[in-house]
Structure formats: C-alpha cells, structure tokens
Amino acid sequence: MLAVEGLACRRGGRLVFEAVSFTLEAGDALVLSGANGSGKTSLLRLLAGFARPAEGSVTWLGREITLEPAEHAQRVHFLGFADGVEGQLSVRENLAYQAALLGGGADTVDTALAAFDLAEFAPRPARELSAGQRRRVALARLLAVPRPLWLLDEPGVALDRANRARLEAAIERQREEGGLVVVATHGDVRVRDPLVLELGEPNPC
Amino acid sequence: MLRAALALLAHDLRLARRRFGENLLVVGFFTLALALFPLGVGASPDILGRIGAGVIWVLALLAVLLGLDRLFQPDLEGGGLEQMLLSPAPLELLVLARCLAHWLGTGLLLAFASPLLAILVHLPAEALWALPLTLLLGTPTLTLIGSIGAALLAGSGKGAVLAALLVLPLDIPVLIFGLSAAEALIAGLDASGALLFMGAFLLAALALAPLATAAALRLALG
C-alpha cells in the first residue's frame, strides 16, 4: 500500500538519512525511533508530500506520490509538533474549521471531541486550554475527518496517561479499519505489534 | 473544494472580527500619519490640496504593507500551513481566500476611511468618491502582490521591513495609475484609461499572485 524505497533526505546540504526502505500494508503501524535530529520529522514530512526526497521514492498503491500530490494530500493526516489550534476561537470552532478545511463535515465534530474527552471544553476559547488539552484538540482532528494514512510526530507530548490511552485506542481503531499509522515517538505511546524503524545518529556534516 | 476555501474565509473573518482592534490600528496609522503632514509641510489648503491625494494613496499602500507579516507567518509557526496543504482545495484557492479576508480587514476599511481623510487635507468634494473608488480598485492588487512577499519571507525569520522592500517596487505601477485616476476624477477629467489599467493590474494579480504565493509557501514548508 505505502512503499518507501531507498529514501534519502538532505537538509541545508546535510545528509539526514539515506537508504530508508519499508512497505506498509493495510492495518500496519510503523514506529519511528531515533535520537533528536535523526530525521524522524523529516521522514514524516516526506511521507506527507511536503518535501521531495533527495533520492528514492514513496509510492501509494504503486503510484509515486510526487506524481499525484493532490490525491495524496487527501489521504494524509499530519500531526506535527505545532498543534494548529487558534487560541481566539473556541474548541468547537477550531475543530469545525479544521474539519471543513480538510473536506469533512460538521456532523463528526462533537463525536471527535467526545473521543478525546473534550465535550465540556467545546465552547471555551482554546487560549484557556493547557498544552495537553490543546494537543487533544489537534488529535480530535484525526477522528473528525477519516483518512487512511496518519503521520504522527510525537503525538503523546503533553498528554496524561488517560489521554495517551485514548490516543492508543484511536490508533488501534484506525488500524482495524484498514488505515496506516506512522508514529515518531520516544516511547511514550504504545502501539500494538508495530514495525520499528530506528533512524541512525544525526550526521553532523 | 470550494467549501474548504469558504471555510478558510469564514475562519479568517471570524478571527478578524475578534481582532477588530488590530484592524483599526491600521486605519489609525493611516489617519495619524496623514495628520503629520500639515505639521511637516504647513497647513495651507493650497499645498495640502495639491499633495493630499498622493499622500493618501502612499499611506494606503504603506498601511496595506503593515499587516503583511501576519498573512502566513502564524500558520507556518502554528501548524496551520500543513493543514492547508492537506486540504482538498488547491493551495492557490486558499491563498485567494486568505487575501480576500485580509483585504476586507484592511483595504476595504482604508477605502471607507479615505473620504474623512480627504476632508482633513482640504481636497475638493469630488475626492469623497474618487479616492474610495480608486482605493477599492487598487488595494486588492496591493494585497495580492504583498502576499507574494509575505510567502517568500514566511519561515525566513525576516520581518515586515524586508517584505516591504521586496514588494514596494511591484506596487509602484498600481500607485502611479491609482493616483492618476484619482487626480483625473477630482479634476473632472476622463480617468477611464487609468481605471482600465488598474482593472488590468487587478485581473493579472488575481491570476498570477496566488500561483506565486502558493509556490513560495510550498518552498517554505519543504
């Protein structure tokens, strides 16, 4: 389904990683691990199609994602380090906007909020939320608009144990429904039977 | 596709309504800067009447430039730009929606405020409609051109000053024809040539600026 072959990434002339290959089928999960600067976020961004690889290819069902960027964009959920939550809008307004931007409807917003225990915060301005609560608003986006490929960069940051469990349950449901999940994590999010890709030490040159 | 772009427009307008004070600051700059001119060149109605339209147009241009650094920078820093790229709507269409929202919060306000400023600098009665008309036609072009500079500088850490330096040369034709049209209308002359040029600039900016801006944003994110 998602195949990566001989992928290399350069940033500012520095080789971040090279010769990265893996294949994910429906229901698979890949955990990216490695030291800070080893290229976990860069790999997620390449998989999302935000950047082009220095070498190698990323294919979805045999088609290179660079040849169909618009189609690939609609397959992907990308949760980066920044949560994309606007402090001056309420929690519900934030999620409704993000769902509409991603092509989803308003009918799933309340369900997605409830899945991350945010229903009581829905009318509150997001600026009043803690870092963990803002993270949960960003995570609720994953459920508000179904997409087959989740790319999650440190999704467990700032979450307490109960909400990490909710995130893990959401990842499990995504896999049961045939979706793919790629998670960059330092071990705070547990994923059942994942493939693991350990990225090497950062190259200083 | 269109729904996503309308969602972004509605989102930006909702934010603009909640930050209405920030938009008023732009109009405040426009008004206060104009109020300095009588102090600098003297309060003679003759002098002010002769330079007034030009001063108002230059200040409108600078006021549009003022808010450019906030056009995409918060999205780039806050993670919103990634979501825009993953939208079913083309990034170019989203850029157009963003520019429209920005213009409604700046250019439109400046056009509405311009008759008051025309009175302040003793312009003739014709200026009360000639200035808003030319600003309504010119400021959207300034916003669209400005979006290219804002996108090029997004992520570079450079501020609004560099954006202004990049964008100002491209704004000069809009300023020349906008001012020519305003002065011709105030003098009761035929301004159709200058107005047609301004319309052409606007159409060209509508067609080309979103492409250039979207390409620059993709570069900034990549």
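Residues numbered from 1 in each chain as written. Chains lettered and ligands numbered in written order. Predicted model: local features only at pLDDT ≥ 70, side-chain atom pairs only at ≥ 80, totals over all residues.

Caption draft 1: Highlighting the overall build of chain A. Within chain A one finds six helices and nine strands. At 17 Å, chain A has a C-alpha radius of gyration in line with the 17 Å of a compact globule built from 205 residues. Seen through its C-alpha atoms, chain A measures out along the principal axes to roughly 45 × 35 × 35 Å. The 205 residues of chain A split such that 46% are buried. Across chain A, the fraction of contacts at a sequence separation of at least 24, relative to all contacts at a separation of at least 6, is 71%. (Helix = DSSP H or I, 4+ residues; strand = E, 2+ residues; numbered from the N terminus. Rg over C-alpha atoms; globule rule 2.2 N^0.38 Å. Buried ≥ 20, exposed ≤ 12 C-beta atoms within 10 Å, placed from the backbone. Contact = placed C-beta atoms within 7 Å.)

Caption draft 2: Geometry of the overall build of chain B. Within chain B, the regular secondary structure consists of ten helices and zero strands. With respect to the three principal axes, the spread of C-alpha positions in chain B is 55 × 35 × 30 Å. Counting over 222 residues, chain B shows a buried share of 46%. Of the contacts made within chain B by residues no fewer than 6 positions apart, 81% connect residues no fewer than 24 positions apart.

Caption draft 3: Just the interface of chain A and chain B, in detail. Contact with chain A, which involves 20 residues of that partner, is made by 21 residues of chain B. Those elements giving two or more residues to the side of chain A that touches chain B turn out to be β6 (76-79) and α3 (91-101) of chain A. Of the residues forming the side of chain A that touches chain B, the biggest block, four residues, is contributed by α3(A). Looking at side-chain class alone, the side of chain A that touches chain B contains eleven nonpolar, six polar and three charged residues. (Nonpolar A, V, L, I, M, F, W, Y, C, P; charged D, E, K, R; others polar.)

Caption draft 4: Representation of the confidence of the model for chain B. Looking at chain B as a whole, its pLDDT mean stands at 90, while 98% of the residues score no less than 70. For this predicted complex, the interface confidence comes out at an ipTM of 0.90, alongside a pTM of 0.91. (pLDDT = per-residue confidence, 0-100.)

Caption draft 5: Inspection of unusual backbone geometry at higher detail. Residues and elements named next belong to chain A. Within the chain, Leu61 stands out as a residue other than glycine whose phi angle is a positive 50°. Relative to the assigned elements, Leu61 resides in the loop between β4 (55-60) and β5 (63-64). Its identity as a non-glycine residue notwithstanding, Ala158 has a phi of 75°, on the positive side. Along the polypeptide, Ala158 turns up in the loop between β7 (149-153) and α6 (161-176).

Caption draft 6: Molecular detail of the sheet that holds β4(A). All names here are of chain A. The four strands are arranged β2-β1-β4-β5 in an open sheet whose pairing can be described as antiparallel. Of all strands in the sheet, those with a lone pairing partner are β2 (14-24) and β5, marking the two edges. Bridging between β4 and β5 involves two bridges; their strand directions are antiparallel. Paired with Thr59 across the strands is Glu64, a residue of β5. Across the sheet, helix α1 (residues 40-48) touches β1 (2-11), β2 and β4, and the angle it forms with β1 is around 125°. (Pairing = 2+ DSSP bridges. Axes fitted to C-alpha atoms, helices over the stretch in contact; angles between N-to-C directions.)

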